[in-house]
Structures are given as structure tokens and as C-alpha cells.
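Chains, contacts and geometry: an overview
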Amino acid sequence: MDPSFARPASQPQHVVAALFDIRIPAGDGVELSANLWLPEPRADHRDEHFPAILEMIPYRKDDWRLASDQARGEWLAARGFAFCRLDVRGTGSSPGIALDEYTARETQDGYDAVEWLAAQPWSNGNVGMWGISYGGFTSIQVAKLRPPHLRAIVPVMATDDRYLTDVHYIGGCVTASELSQYAVSMVGMNAMPPKAEYRGASWADEWRERLEKTPVWLFEWLRQQHDGSYWRQGSLAPDYDSIEAAIFSIGGWMDEYVDPVLRMQERCTAPRRSLIGNWVHSLPDDAYPGPNLDWLHEMVRFFDHWLKGIDNGVMDEPGLVYFRPEYADPEPFPTEWPGAWVGEATWPPAGAAEKVLRLAGGETALVGRLVAQADGNVSPAVERFRHRPTTGARTAGLSWGAGGAPNGLGRDMRPDEALIPTFTSAPLDEPLDIVGFPAAILHWESSAPIATAVVRLMDVAPDGTSAQVTAGILNLTHRDSHTDPSPLEPGSVTEVRVVMRSAAYRFLAGHRIRLSVASSYWPVIWPSPFAAEYGLHLGSETDSRLILPTVPSSDGAFAVPPFKTTAAGVREAGSYRGEPPTWKIVDDVIDGSLTVTSSEFGESVMPDGRISLYTGERLEMTACDDDPAAARFHNEVVYRLRDNGSEILIEASGTMRSTATDFHMNVGLKVTLDRAPFFERGWLETIPRRLV
């Protein structure tokens, strides 16, 4: 049966009115700018009132996101939802200054917008929020404030904890590729002006004030190297019971924000359900790897229930539905992975257990074994390896959470594994299913006070291909606390637990399980600063081991909803022409360094054809095995806006390099208006390294 009938959602029944630059008053008197798509009452329902859906992000509703906003707004409004797209304060056409991401004032603005929407004469008093990434963050953060009329949220690929799971830090390590991409691009994005026709005579003064007062967000992020009050602002954790609105979380196993889906499903007390596919950081109708589905159909069914009061059975479906992939040849941009959809009533799932595999030495250095606990004692051994900051760059993904090209997935990991300890099981006699958070318990010896453990869980095919299932990262000075880290004692053996990113996976019969252990993951994380030798201690007294979260194997015959996989029917608005992206790896044999470069450029033309926005960035990241302290990234970003014959060009650049003791940052911004200089500024900042 067609899922649109088996699991119905609101259908298009309304003429749509588009209203631009609607002013929404915030509590401090600032009037924020929003675009609004309103359904018009049907001829025989003149007294109709409508719920509202709010999306609140800093990504420029009047040009950069105009086409997708307009298409999605028309689609939702035709189905009886007013769609409001709000520019965050100090971005796009909203006045004010964007002092940082997710400030308390910004979140309060969201509260105020929810209540304003609920009070409008066309409103039925029910408001929902949705968003992918930043918009998902804001939906969670606003829900934490409990606006009286916020009934439901749909965060897509968003986080509950800004320190544990975001682009700034992973396991207490400073990120590199994602930090450089996002931090520098936001310098350029935040420098873009309000839409001139919306701001009137104050436009130039307002824009110049924005340019002069908007800080470089990166600097504060680097000052806050440990968890604490700064990161609790904007985080749901640990107050999971603070949300009363219903929650529908959507995540992807190949996205960096998948762990929050499981944490919120387990810990929140509000009505909730969750969906996880194989997807990277993109919307589930076209994200890779498939299978894909019509996520708008799923969202509308959820909002139909919570905002319109339609009893459609959505909350009777499994609390968690996820795709469980199995082996596919590793490639950076796979179209689809084999596997099956699985439904669980609760999280953690019924029948969950742990399978423990102990790390044992082998006949060759660095080539060890994974053995079952029942196989007896493991002989004492030490696997020794040196710190290589460039590990990961030649075979792994470009960033912790993949996305559109060039941010792809990893390939066959064997070239990296030749230089680091690996531990491999015997071929499996039968399939093994896992879902949850794998972990490695390691007994680690370091010659330096700062070190990083990087563990990767692999599926080794019968032909020897090594495909990554998931990975975990821990700054070992954070082994006991992210708020109060402490250095390692050189020469001592320390037990550490490295939790990996959540995963669902079926290891097939005849395949082998592998755990690899490294000290770096370039260019995902910044390398620890000291040349060092490490030892992994094995044996009964130092029981290093892999812990797998298993569930009973099945054939996938679960009570899984029949998803709608046909297109949602959102019309194409505007156009986009992208230049070929690049992702290159250069080994400098003489210098001993490795450099990863990437680039992505393209131009969007708005639906009216009068406005175009050219955007892109070129990124260069270098690390050196012989000098771990000396890593570097450099990013160049461009935004070129053409609007009714006028041209605005924003050029931002950012360089970050490190020594053993400090991070040194150089950020530049240049703005021209109709080819004439309008603003230029540079920032220099040095921030001490604090056990990173």
C-alpha cells in the first residue's frame, strides 16, 4: 500500500500568501526580521485558524536560503501550516549584533517569536519548531525555556551538548577541518548586510555597525578548551526533563550529531520518537548513503498530531526506528548501503547485551588479535608505536561528520593500519548485530604528558578490505573529566575508556572485526603537541578490551512503518550552479609534512532572477609527523552578492597555527561595495594551549 495512504499526512488544500520582512518584537525592543508563508482559509472554512512552524537560523533568509525557504514555505502552507523563517539577531536582515552562536538573548528571541506567532489572529495557538543543524539546535534550546505555546519540535542532526557533540571539540580535542570550515565561513557570513530595502535610510550605518562590532566567534571557542558554564549555555544536557514539547529527532549514522538522538530518546521525559538513517549531514530525502525517504511526510505527520490534534497513530509507532547497515565496499560518496530498517519500542533496546573481545598480541609487532573472554588468559605483551600526527589523512574522512562533496567518508583503511596497532578477530561463524556505543578499554603508557587515543572499529571483508564502522576520540588528559583535565604521568600505565560514536551494524558471517588504535586523526582533530612513544599493555593484569553493544540478530522483520520514498513534491525555486569540488592529499617527502586541501564554490540565483549569491571556500590543512606541535590550517572564503545591479563582495581569511604552548590566529576581512572599499579589518590572537 502507498505509505501516503497507510500513514496519511495533511495534503495541499490552501492558497498561500507570502509575506516578507515581517517584524517580530523581541523582549528588549529589537524587531527581528522574518519571512512568513500563510495558508489562506478555504472558501467553506472562513473561520479556519492555523498552527505555525518556526525555523530560526543565521543563514540569510533573503538570499542564501531564500530559494529553499520559499519552496518549503509554500509546501507547508499549502498543507495548513504557517511557516515562519526568522533571521537570528545580528544576521541577515535582523538588527543587532551576533555576539556568538546560541547566546541566552538569541534563545530568548526564539521564545518571544513562538509566543508572537501563537498570538496572531490567524493562529490556532499551537507552534512547532524545526531545523537542521543550527535550526535544530535552536529548536532544542528554545524548547528548554518552555514557551507556553510551543507544542512540538523536530530537530534534524542537532545536539543536546555543545561540548561533547559539536564542531569545536571531540573528546576534549580541538577540531581542525570542521572548525576551520565553519569558523571562517561565519566571519564572512556575519559580515553580509541586511537587505537594503528593508532597513531604509539606516541601512549603511546598520551594516557598518555590524562590521565593526561583530566578534570573531572562533576566538572565544578556543579560549573555552574545557567543558563548563560557557558550553552549558545552549546545551540541553544535563537538564533533559526541562523540555515539555513533544520531540521528533532525526539523525544519521554518518553525521557527527547522531549521538544526541539516542541520548535524548533515553533521557528526555517529553513525548518523543526518533529516526536514524545511514545519512551524512544533509536532509534524508537526498543524503547519502541511502536508502532515502520523504522526511517532510514524517515531519508533517508529527506536526499534524501535535499542532492540529489529528489522531493519525504517529505516537503508536516504534519510539526509535533506525537503519542497520551491513558491509559495502568503502568509498567516499556511496549512493546506498545494504541492510534493513529496525524498530525499537524503547532505548536502550530490549535484549541489549555486551560482547567483550580482549586485545591480544600476535606473531608480528602491531598485528594483534581480538579474542573472546572464554578463550582463556591473554599473555602479557606491550604493543609500542610512535605518535604520527598525519595518521588518518590518507584514508579516513575529511571531517568527523561527512556531508556534501568534498566532505566524504573514509576508504579502505589498510594503508593507515600498517603503521598502528590493530587487533583482528577470527572470521565470524554467524552474523553479529550491534547498536549503540562501542567502547575500548585501553591500558595506555605515554612518554609525554598529553596524548590522544583514536580507536576505529572496522569490518574486515574476506578479501582483506578494511571498512570503518565507527570511531572514538579521547584527549587522554580528559580521561576522568572534561571540566578538570589532568596530565598523564610519563612512563605510567593508565586505564582509559574511549567511547565511540554510536553505530548500528551487522557484521556478516565470514567477516572479521578489527580495532585499530592511533594517536591522531588528521585533519579531523588537532594533533597533541609532543613527540612521543606509546605502549598498549595487554594481558590479564592489564585487560585492554573492546566492548560491543549487541542485540539479538534478526532478519529485520520488525514493526517498522512503511516509509514514503517518493519525492515530497517541493517545487524547484531558483537555481544553483556548483563548480567541481576538490579534495586532495599532498605528501611533502622533503619537508616531512602532509597537507590536505579542499575547495567548494557555487552560485545560487534567487527565484526572481534578480539576485544571485556566489559563495565558496578554499581550505589548506598541514601536519608534520616529525614536529607534532606545528600544525596549521588556512581558509579563504568568498561571498559575492549581486542585487538589482549592485555588488557586495565579502572576502574572509583565517589562519590558525600552533606551537607546543599556544594557538596563533590571524583572521582578515575585506568588504567592497560596487568595487569600492567599504570596510577592512584584521585580527591577531594568541591563546594558550591548556592540555590539548
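As a reminder, the structure under discussion sits directly above these lines.
Described in the following lines is the structure provided in the data block. Note that this is a predicted model, so its numbers are computed, not measured.

It is worth spelling out helix 4 (residues 134-144) at this point. Burial analysis of helix 4 places 10 of its 11 residues in the buried class, the great majority of the element. Every buried residue of helix 4 is listed here: Tyr134, Gly135, Gly136, Phe137, Thr138, Ser139, Ile140, Gln141, Val142 and Ala143. Elements in contact with the buried residues of helix 4: strand 3 (50-57), helix 3 (104-118), strand 5 (123-132), strand 6 (150-156), helix 5 (177-190) and helix 10 (259-267). One or two residues past the end of helix 4 sits Arg146, with phi positive at roughly 60 degrees.

Counting buried residues along strand 20 (residues 466-475), nine of its 10 residues qualify, which places the element largely inside the surrounding structure. Pairing of strand 19 (residues 452-460) with strand 20, which is carried by nine bridges, proceeds in the antiparallel orientation. From the neighbouring strand, Ala453 faces strand 20, where its bridge partner is Leu474. Hairpin connection of strand 19 to strand 20: five residues between the antiparallel strands, including Gly464 at a positive phi of 95 degrees.

On to the side chain of Ser133. With respect to the secondary-structure elements, Ser133 resides in the loop between strand 5 and helix 4. With a relative accessible area of 16%, Ser133 lands in the buried category. Leave out the neighbours within four places in its chain, and Ser133 touches Val156, Met157, Ala158, Tyr257 and His281.

It is worth spelling out the packing of helix 2 (residues 66-78) against helix 11 (residues 295-308) at this point. Where helix 2 contacts helix 11, the two axes come as close as 12 Å, and the packing angle between them is 45 degrees. Accordingly, the angle class assigned to the pair helix 2 and helix 11 is oblique. Handedness of the crossing formed by helix 2 with helix 11: right-handed. Residue-level contacts link Arg72, Trp75 and Leu76 of helix 2 to Trp295, Leu296, Met299 and Val300 of helix 11. Each residue belonging to the contact of helix 2 with helix 11 can be placed in one class, and the counts come to six nonpolar, no polar and one charged.

Our focus in this paragraph is the pairing of strand 33 (residues 676-688). Relative to strand 33, strand 32 (residues 662-673) is paired through 12 bridges, and the arrangement is antiparallel. In the strand pairing of strand 33, Leu669 is matched with Arg681. Hairpin remark: strand 32 followed by strand 33, antiparallel, with two residues in the connecting loop; positive phi at Asp674, about 50 degrees.

Read from one edge of the open sheet, 10 strands run 1-2-4-3-5-6-9-10-11-12, paired in mixed fashion. Two strands bound the open sheet, and with one partner strand each, they are strand 1 (16-25) and strand 12 (339-344). The average angle at which neighbouring strand axes cross in this sheet is 20 degrees, direction not considered. By the bridge criterion, eight bridges tie strand 1 to strand 2 (residues 31-39) in an arrangement that is antiparallel. Of the residues in strand 2, the one forming a bridge with Ala18 is Trp37.

Looking now at unusual backbone geometry. For the bond running from Tyr288 to Pro289, omega is -15 degrees, close enough to zero to count as cis. Of note, Pro289 is situated in the loop between strand 10 (272-277) and helix 11. For Met157, which is not a glycine, the phi torsion comes out positive at approximately 55 degrees. Relative to the helices and strands, Met157 is located in the loop between strand 6 and strand 7 (169-170). Residue Arg675 is not a glycine yet carries a positive backbone phi of 70 degrees. Structurally, Arg675 is set in the loop between strand 32 and strand 33.

This next bit is on helix 2. Compared with the 18 Å implied by 1.5 Å per residue over 13 residues, the 18 Å span of helix 2 between its first and last C-alpha is a close match. The complete set of buried residues in helix 2 reads Leu66, Ala67, Asp69, Gln70, Ala71, Arg72, Gly73, Trp75, Leu76, Ala77 and Ala78. Tucked inside the fold, the buried residues of helix 2 contact strand 1, strand 2, strand 3, strand 4 (82-87), strand 5 and helix 11. The first or second residue beyond helix 2 is Gly80, which carries a positive phi of 90 degrees.

How each quantity is defined
Residues numbered from 1 in each chain as written. Predicted model: local features only at pLDDT ≥ 70, side-chain atom pairs only at ≥ 80, totals over all residues. Heavy atoms only, no water. Buried < 20%, exposed > 50% of the residue type's maximum accessible area, 1.4 Å probe, protein only. Helix = DSSP H or I, 4+ residues; strand = E, 2+ residues; numbered from the N terminus. Contact = heavy atoms within 4.5 Å. Pairing = 2+ DSSP bridges. Axes fitted to C-alpha atoms, helices over the stretch in contact; angles between N-to-C directions. Parallel < 35°, antiparallel > 145°, perpendicular 65-115°, else oblique. Left-handed = near helix turned anticlockwise from the far one by under 90°. Nonpolar A, V, L, I, M, F, W, Y, C, P; charged D, E, K, R; others polar. Expected span 1.5 Å × (residues − 1).

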